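Residues per chain are reported as follows:
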Amino acid sequence: MNQDELKQAVAKAALEYIKPHLQTDTILGIGTGSTANYFIDALAEVRTQFEGAVASSEASAERLKKHNIPVYELNAVSGLEFYIDGADETNPRLELIKGGGAALTREKIVAANAKTFICIADESKWVGVLGDFPLPIEVIPMARSYVARELVKLGGDPVYREGCVTDNGNIILDVFNLRILEPVKLEQQINQITGVVTNGLFAMRPADVLLLGSQEGVKTIKAND
């Protein structure tokens, strides 16, 4: 299978995973990106079996609406049963790097509200140590240069993502050449830099379940395995 076929396979696996738990009042959290898009498309076939969704980006919200899936504001719901999203990297502890699509802040907020975070990814995203994928940082625009200098002190090489404005009106710095041996510690350190909105490490709130697409099929990996 090629990469797109692997993404479709994990999207379908995620649908099968949540199907037994869907109820008419269930609200799902939905992520952003190519793999999440495949899940949204798969979700359309069961749209009458749950109430609706909260989206982590404007793009995902529009895709959900095209499938006639109701989209709610997070402030209007009391909690989410599942959050389903892709990743740019995952390690065996299901700590993730996310934010290639610049939706990391809203993704973190939605993930924090979910009882179960299901990550769907193809095997190319599986790594022993996080950091080959440049770590995205959402930054308030006026703080860009200051934050970049602070990131250099942490050992990274920040690069401004030209032409990218987040749904929150901020910019993205992608940090190259990090070998992230202590993801929780680094996540906290970067978030303490004045001007940082958040960073793309999902280590304090990692995934609970990883559905990993491989040539041998979809593997189910849980955080406590």
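See the structure shown above.
Reference entry: report on the structure contained in this document. (Residues numbered from 1 in each chain as written. Predicted model: local features only at pLDDT ≥ 70, side-chain atom pairs only at ≥ 80, totals over all residues. Heavy atoms only, no water.)

### A closer look at the side chain of serine 57
Take serine 57: it is sitting in the loop between strand E2 (52–55) and helix H3 (58–66). Dropping the residues within four chain positions of it, serine 57 is found in contact with Thr32, Ala103 and Asp167. (Helix = DSSP H or I, 4+ residues; strand = E, 2+ residues; numbered from the N terminus. Contact = heavy atoms within 4.5 Å.)

### Considerations on the layout of surface pockets
Approximately 310 Å³ is the volume found for the largest pocket. Val54, Ala55, Glu73, Leu74 and Arg106 are, among the 14 residues lining the largest pocket, the residues nearest its centre. Among the elements of the structure, E2, H3 and helix H4 (104–112) are those that each provide at least two residues to the lining of the largest pocket. Here the residues of the lining of the largest pocket are counted per class, giving 8 nonpolar, 2 polar and 4 charged. (1 Å grid on protein atoms, 1.4 Å probe; cavity = no way out; pocket = protein on both sides within 12 Å on 5 of 7 lines; lining within 4 Å. Points joined across faces, edges and corners; volume = space filled by probe spheres on them. Nonpolar A, V, L, I, M, F, W, Y, C, P; charged D, E, K, R; others polar.)

### What to know about the sheet that holds strand E8 (residues 157–160)
Spatial strand order, E8-E9-E7-E10: 4 strands in an open sheet with antiparallel pairing. Sheet topology places E8 and strand E10 (196–199) at the edges, where each strand pairs with a single neighbour. Averaged over all neighbouring strand pairs, the angle between strand axes comes to 30°, with direction disregarded. Along the sheet, H4 contacts strand E7 (135–139), strand E9 (171–176) and E10; its crossing angle with E10, the most-contacted strand, is approximately 65°. Against the sheet, helix H6 (residues 183–191) contacts E7 and E10, and its axis sits at roughly 165° relative to E10. (Pairing = 2+ DSSP bridges. Axes fitted to C-alpha atoms, helices over the stretch in contact; angles between N-to-C directions.)

### Observations regarding the packing of helix H2 (residues 34–43) against H3
Running from N to C, H2 and H3 cross one another at 20°; their axes reach a closest spacing of 9 Å. Relative to H3, the element H2 is oriented roughly parallel. Where H2 crosses over H3, the two elements pack in a sense that is right-handed. Where H2 approaches H3, its residues Asn37, Ile40, Asp41 and Leu43 are matched on the opposing element by Ser60, Arg63 and Leu64. When the residues that make up the contact of H2 with H3 are grouped by side-chain class, the tally is 3 nonpolar, 2 polar and 2 charged. (Parallel < 35°, antiparallel > 145°, perpendicular 65-115°, else oblique. Left-handed = near helix turned anticlockwise from the far one by under 90°.)

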